[in-house]
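Working through the structure, step by step
Next come the chains, spelled out residue by residue.
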Amino acid sequence: MKSYGAAGDGKTLDSKGINKAIDAAANAGGGHVYLPAGNYLSGSIHLKSNISIYLEQGATIIATDEDPGSAYDQAEQTINTTYQDYGHSHFHNSLIWGENIHDVSILGPGRIWGKGLIKDYFKGSKVANKSLVLYNCRNVIIRDITFFHAGWFAILTTGVDNLTIDNVKMDTNRDGMDIDCCRDVRISNCTVNSPYDDGICLKSTYALGFARATENVTITNCQVSGYDEGSLLDGTFKKEDKQAYRTGRIKFGTESNGGFKNIAISNCVFDFCQGLALETEDGALLQDVTISNITMRDITSAPIFLRLGARMRGPQGTAVGELRRVSISNVRVYNSNPEYACIISGISGHDINDLELNNIRIYYDGGGKVRTEPVPENEKNYPEPSMFGAMPAYGFFIRHVSGLKMRDVEVSFLSDDARPAFMFDNVKGLDVHNVKGQTVKGVDEFKYVDTVH
């Protein structure tokens, strides 16, 4: 890299030298672009096909905050900006980006520091807001890299096929990785700390100009958390930031035009963050999902949140989606927020279908009060567990579901809770076996409303 003019001194803008090295390798038919130890102050870096970029131990690419107007590429005119957020509609305003390329790798134990990036959209801003973006690409490997303070997205992949993300660490101020409209994806051995937004998030927007499913995805051996930013990487694991949402979590949605199918999640740990969320709000089919071997501790929201809604941010005339054929098993949760139960909710006329919950054990913090007012449908709302307020049951609130099997499910509290353990509202074909919930004296274990066993 230094042969092409990059200084690595943390003061010189090195993106021109980095891009020259990438161009030279690409013009030679492909190659390996090597960054030795050093601090590489950088604006936008342009990825090319048949290139691997390797960051050596001690090498850091630092997003510049000096003269950003000349350092970063500006947001391009894109196919569609109507049905998804600005961050999902523009891709060139990033620290590192590639479009319509193939066979590219970002490797090595070095670090990408989004120091000068912003984490949102500000009209007229000339500063980039994403660390690593790939749009309409194939055959991509991202391995061993560390991201710190990475802007709106540390990694955003849109329309990428055959994607591997392995042994990546993230400690960031918004989303960790967003996998959007992608196929044949393997995410493994990753650690993501994201106190202000999602950790690992699958989406299916209209950013390609058409609805495309995210499918054939495995997520395994990963950890997500919501500690104070920076305290994962420095090993202090702080919980002092009063402004943090403690989001963290693994989520599908909320952008859900194209759908999600054929997805397996296993052997993952959630710590001091929100729980698992599966959401379809914009007409998508969310189907054929298996989730197993999950442990959670100090969960700030619903440990399990399944939502079929009707926000319908998409082309006019799109039908309400479906959420079906989901299996969740072997889950252990300790010290979950007492305000939120596990929430599984379709909407009137649109049930969640064919759901299996097996071998689940949850300890809630307890202390909840009786709720007498009905839980609103809120079918148009942005989907979050908080949209319903404190739940009328502390363990599971399940509504508008057809074909629910529950086996070996048990919930309890660490301090007394005045609510029932389970509430079933408009559940058809309920099949339960060895389902238990701790209750205080005089409170029913189960509450049924318009439910058929």
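This structure is a prediction, so every number in the text was calculated from the model and none was measured. (Residues numbered from 1 in each chain as written. Predicted model: local features only at pLDDT ≥ 70, side-chain atom pairs only at ≥ 80, totals over all residues. Heavy atoms only, no water.)

**Concerning the side chain of Ser 231**
Within the secondary structure, Ser 231 sits in the loop between β21 (223–225) and β22 (248–256). Engagement of the side chain of Ser 231 in a polar contact is seen with the backbone nitrogen of Lys 238, the distance being 3.0 Å. Once residues within four sequence positions are removed from consideration, Ser 231 is found in contact with Asp 171, Thr 236, Phe 237 and Lys 238. (Helix = DSSP H or I, 4+ residues; strand = E, 2+ residues; numbered from the N terminus. Polar contact = N/O pair within 3.5 Å; in protein donor to acceptor, adjacent residues only side chain to side chain. Contact = heavy atoms within 4.5 Å.)

**Brief notes about the packing of aromatic side chains**
Each aromatic ring pair is specified by the distance between its two centres and by the angle formed by the two planes. Taken as a whole and assessed by the stated rule, the structure comprises 19 aromatic pairs. Seen from their ring centres, Trp 152 and Phe 153 are 5.8 Å apart, and the 10 degrees between their planes marks the pair as stacked. Here Trp 152 and Phe 153 have matching classes, each one buried. Between Phe 422 and Phe 424, the aromatic rings sit 6.3 Å apart at their centres with planes inclined by 0 degrees, giving stacked as the arrangement. Taking the relative accessible area as the measure of exposure, Phe 424 reaches 1% and is therefore buried. Every member of this aromatic cluster is reached through a ring pair, and the members are Phe 396, Phe 422, Phe 424, Phe 446 and Tyr 448. Across from the ring centre of Tyr 196, 4.9 Å away, lies the NZ or CZ of Lys 119, which sits over that ring. (Phe/Tyr/Trp six-rings, centres within 6.5 Å; stacked < 30°, edge-to-face > 60°. Buried < 20%, exposed > 50% of the residue type's maximum accessible area, 1.4 Å probe, protein only. Lys NZ or Arg CZ within 6 Å of the ring centre and 35° of its normal.)

**Let's talk about the pairing of strand β13 (residues 153–158)**
Two faces make up the sheet, and in a regular strand the side chains alternate between them. With six of its six residues buried, β13 lies for the most part within the structure. Where strand β10 (residues 130–135) lies against β13, five bridges are found, and the strand directions are parallel. Bridge pairing in β13 places Tyr 135 opposite Thr 158. As judged from the five bridges shared by β13 and strand β16 (residues 175–180), these two strands associate in the parallel manner. Looking at the pairing, Thr 158 lines up with Asp 180 of β16. (Pairing = 2+ DSSP bridges.)

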